[in-house]
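# Per-entry structural report
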Amino acid sequence: MWYHEPVVNEELLQSLPNLKIVASSGVGIDHLDLNLLSSYGVKVSNTPFVVSTDTADLGMALMLASSRRIVEGYQMAVSPDTEYFPADWLGAEVSGATLGIVGMGTIGYKVAERAKAFEMKILYHNRNQRNKEEESAVGAIYCKKIDDLLQQSDFVLLSVNLTPQTHKLIGKRELELMKPTATLINISRGLVVDQDALVEALRTKVIKAAALDVTYPEPLPRDHPLLKLENVVITPHIGSATKKTRRLMMENMVESIQAGLAGLPVPNEVL
């Protein structure tokens, strides 16, 4: 499966009685009904580890682009109407700021490693607390309650899988807990955020800005209000989109398929 295609539903499974394995690109498996697949004896694999470095890089890129207003700056620099650069056109500091990471899995931890180089204070919220050695290596502080992280962070970065528990994890209440100077960064799935609540929070300056690699749907309708706001940076779901990583993803999928057909243990099997 690439970009969630083809759709794996009961009709497809019934038409493929000899199907052994579904190899899905990327980390997320929210597009798959694992119980349905299991009932047909079909194994599932994904490619979770090869995408983590590039996705973490993009998370930092979005943070920097939003805080330093790079998209707006580019538009000003190239506009035929620009006669001078205003001295009061200012961004926000990243170095020394507080980053709250929601979801400290492989990708979230790699973001923390990068943020440490920017001398950021790192908070994180996760289902499970990481061990002390891992926390110490990046200087991360565990927040058992997400509310504590939201209230303290200058940047809130979402790096969680989409599950029933994380569906619209960030809504009106959570956005109102954030600082009015804070930025929300989403590199997970669009449905982790209540998009209508986000539009309203950005319009009314409940939060300062958002930087999104994911939305729902993708792409957004061309008249969507998010596309009209100046305090939003949106990229087209390109977390893993480098030549090397996309090739490694495909190689991982081929290895899983070959193992599944041979009856061998499947690399990166989703259980």
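Conventions we followed
- Here the residue numbers are simple positions, counted from 1 along each chain's written sequence.
- Only residues with pLDDT of 70 or above have their local features reported here, since the model is predicted, and side-chain atom pairs are shown and tallied only from 80 upward, although totals for entire chains, interfaces and linings are computed over all residues.
- Working from all heavy atoms in the structure, the side-chain values ignore hydrogens and water.
- Strands here mean DSSP runs of E at least two residues long; helices mean DSSP runs of H or I at least four residues long; both are numbered from the N terminus.
- Given a helix with a known number of residues, its expected span is that number minus one, times 1.5 Å.
- Only protein chains enter the area calculation, which uses a 1.4 Å probe; residues under 20% of their type maximum are buried, those over 50% are exposed, and those in between are partly exposed.
- Directions from the helix axis toward the C-beta atoms define the arc.
- The way it works is a 1 Å grid over only the protein atoms, where trapped points that fit a 1.4 Å probe form a cavity and open points with protein on both sides within 12 Å along at least five of seven lines form a pocket, and then any residue with an atom within 4 Å of a point lines it.
- Grid points are joined across faces, edges and corners, and a volume is the space filled by probe spheres set on the points.
- Any residue outside Ala, Val, Leu, Ile, Met, Phe, Trp, Tyr, Cys, Pro, Asp, Glu, Lys and Arg is labelled polar, Gly included; the first ten of those are nonpolar and the last four are charged.
- Within 6.5 Å between ring centres, the rings of Phe, Tyr and Trp (the latter by its six-membered ring) count as paired, and their orientation is classed by plane angle as stacked under 30 degrees, edge-to-face over 60, tilted in between.
- The start and end points of each domain follow an automatic or database-based domain assignment.
- The criterion used for residue contact is that any of the two residues' heavy atoms lie within 4.5 Å.
- What makes a salt bridge here is a side-chain nitrogen of Lys or Arg within 4 Å of a carboxyl oxygen of Asp or Glu, nothing more.
- What qualifies as a polar contact is a pair of N or O atoms within 3.5 Å, subject to a donor-acceptor requirement within protein and to the restriction that residues adjacent in sequence count only when both atoms come from side chains.
- UniProt positions are given in the numbering used here, feature names are shortened, and annotations may be inferred rather than shown by experiment.
- Axis definition: a line fitted to C-alpha atoms, over the contacting stretch in the case of helices. Angles run 0 to 180 degrees between N-to-C directions.
- To sort the angles, those under 35 degrees are grouped as roughly parallel, those over 145 as roughly antiparallel, those from 65 to 115 as roughly perpendicular, and the leftovers as oblique.
- What makes a crossing left-handed is the near helix being turned counterclockwise from the far one by less than a right angle; a clockwise turn instead makes it right-handed.

### Some points on helix 10 (residues 243-262)
- Across its 20 residues, helix 10 extends 29 Å between first and last C-alpha, which sits within 8% of the 28 Å expected from 1.5 Å per residue.
- Among all positions in helix 10, only Thr245, Met249, Asn252, Met253, Ser256, Ala259 and Gly260 are buried. In a view along the axis of helix 10, the buried residues occupy a sector of 130°, so they form one face of it. For helix 10, the exposed residues lying more than 90 degrees away from the buried face are Lys243, Lys244, Arg247, Gln258, Leu261 and Ala262.

### Side note on the layout of surface pockets
- Its boundaries defined by the atoms lining it, the second largest pocket holds a volume of some 670 Å³.
- For the second largest pocket, the lining is made up of 30 residues, of which Glu72, Ala209, Glu230, Asn231 and Val232 are closest to its centre.
- Elements that contribute at least two residues to the lining of the second largest pocket include exactly helix 3 (52-67), helix 4 (70-78) and strand 9 (232-234).
- Ranked by residue count, the leading element in the lining of the second largest pocket is helix 4, at five residues.
- Classifying every residue of the lining of the second largest pocket gives 17 nonpolar, six polar and seven charged.

### Focus: the packing of aromatic side chains
- Per the stated rule, a full pass over the model turns up one aromatic pair.
- Seen in terms of ring centroids, Tyr124 and Tyr142 are 5.2 Å apart; in terms of plane orientation they differ by 50°. Their pairing is tilted. With Tyr124 in strand 4 (residues 121-125) and Tyr142 in strand 5 (residues 140-142), this pair connects stretches of sequence that are 18 residues apart.
- Looking at Tyr124, the relative accessible area reads 0%, which means it is buried.

### Overview of the domain arrangement of the chain
- Assigned domains of the chain: these are domain 1 (10-49 + 241-262) and domain 2 (53-80 + 90-234).
- Between domain 1 and domain 2, the residue contacts involve six residues of the former and six residues of the latter.
- For Arg189, the salt bridge goes to Asp30, with nearest N and O atoms at 3.2 Å.
- At the junction of domain 1 and domain 2, the tally comes to three residue pairs in polar contact (both at pLDDT 80 or more).
- When grouped by side-chain class, the residues that make up the side of domain 1 that touches domain 2 number two nonpolar, three polar and one charged.

### Examining the side chain of Ser159
- Along the chain, the position of Ser159 falls in the loop between strand 6 (155-158) and helix 8 (172-177).
- Residue classification places Ser159 among the buried positions, given a relative accessible area of 14%.
- Filtering out sequence-adjacent residues up to four positions away, Ser159 remains in contact with Val102, Gly103, Ile107, Gly108, Ile187 and Ser188.

### Side note on the pattern of salt bridges
- For the structure shown, the criterion picks out 10 salt bridges.
- A salt bridge links Arg114 to Asp57, with the nearest nitrogen and oxygen atoms 2.6 Å apart. A residue pair is termed long-range when its members are at least 10 positions apart, and Arg114 in helix 5 (residues 106-117) and Asp57 in helix 3 qualify at 57 residues.
- By relative accessible area, Arg114 is classed as partly exposed at 22%.
- Residue class for Asp57 comes out partly exposed when judged on its relative accessible area of 36%.
- In this structure, Arg247 engages Glu251 in a salt bridge whose closest nitrogen and oxygen atoms are separated by 3.4 Å. Taken together, the residues span about one helical turn, with Arg247 and Glu251 both in helix 10 at a distance of four residues.
- Among the charged side chains, a salt-bridge network with shared partners connects Asp147, Arg173 and Glu174.

### Points about the UniProt feature "domain: D-isomer specific 2-hydroxyacid dehydrogenase catalytic" (unreviewed entry) in the chain
- Taking the numbering used here, the UniProt-annotated feature "domain: D-isomer specific 2-hydroxyacid dehydrogenase catalytic" (unreviewed entry) corresponds to residues 2-270.
- With 36% helix and 13% strand, residues 2-270 has end C-alpha atoms that lie 16 Å from one another.

### Here's the deal with the UniProt feature "domain: D-isomer specific 2-hydroxyacid dehydrogenase NAD-binding" (unreviewed entry) in the chain
- Under the UniProt annotation, "domain: D-isomer specific 2-hydroxyacid dehydrogenase NAD-binding" (unreviewed entry) lies at residues 60-239.
- Helix and strand shares over residues 60-239 are 32% and 16% respectively, and the end C-alpha atoms of the span are 11 Å apart.

### Focus on the packing of helix 3 against helix 5
- Helix 5 packs onto helix 3 with a crossing angle of 50° between their chain directions and a minimal axis gap of 8 Å. Accordingly, the angle class assigned to the pair helix 3 and helix 5 is oblique. For helix 3 against helix 5, the interelement crossing comes out right-handed. In contact with Ser52, Thr53, Thr55, Ala56, Asp57 and Met60 of helix 3, helix 5 contributes Thr106, Ile107, Lys110, Val111, Arg114 and Ala115.
- Counted by class, the contact of helix 3 with helix 5 contains five nonpolar, four polar and three charged residues.

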